[in-house]
Amino acid sequence: MNFNKILKFLQQDDFSEISNYGRWIAAESVMYAKEIKENIFLLFVLNQELNNKSVQAMIAKFDCLENISLQKPKQLMFYLTLEKTDDLHYFEKYMNISQLQ
């Protein structure tokens with residue numbers, strides 16, 4: 001999986017980088033979030049450990065953008081761990097279908 005491509009996409013698509021205090025996500029992870037509805041966020045967590053490179057994609061409810069790193073989501077509506085290029089393809093397909101509704 002190409003982390004640089006994913007990172008570039010997130011930075012160009014108005015995602016906010018969230019300071020990670022390591023409260024509920026591994027401290028070495030990088031988080032990006034975008035509000036898609038009131039207090040509902042599309043969240044990407046990039047874990048760049050040498051032995052465990054993965055991207056977690058979530059749709060979750062938080063009190064506000066600033067609380068994302070500090071507390072677990074109030075509600076988790078969608079979760080997918082992307083470890084292979086095929087996983088990214090499935091997530092892309094899901095996002096396209098959900099935008100049609």
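Look a little higher up for the structure.
Okay, so let's go over this structure. (Residues numbered from 1 in each chain as written. Predicted model: local features only at pLDDT ≥ 70, side-chain atom pairs only at ≥ 80, totals over all residues. Heavy atoms only, no water.)

Comments concerning the nonpolar core
Leu 10, Phe 15, Phe 44, Leu 46 and Val 55 are the most contacted members of the largest nonpolar core, which has 13 residues in total. Among the secondary structure elements, those contributing two or more residues to this core are α1 (3–12), β3 (40–48), β4 (53–61) and β5 (75–82). When residues in this core are grouped by element, the largest group, four residues, is from β3. Judged by nonpolar contacts, the second largest core, of twelve residues, contains Ala 33, Val 45, Met 58 and Ala 60. (Core = buried A, V, L, I, M, F, W, Y, C linked by side-chain atoms within 4.5 Å. Buried < 20%, exposed > 50% of the residue type's maximum accessible area, 1.4 Å probe, protein only. Helix = DSSP H or I, 4+ residues; strand = E, 2+ residues; numbered from the N terminus.)

Focus: unusual backbone geometry
Of note in the backbone geometry, Asn 39 takes a positive phi value of approximately 65° without being a glycine. Tracing the chain through its elements places Asn 39 in the loop between β2 (30–37) and β3. We classify Asn 39 as partly exposed; its relative accessible area is 24%.

Geometric values such as these leave the question of function open.
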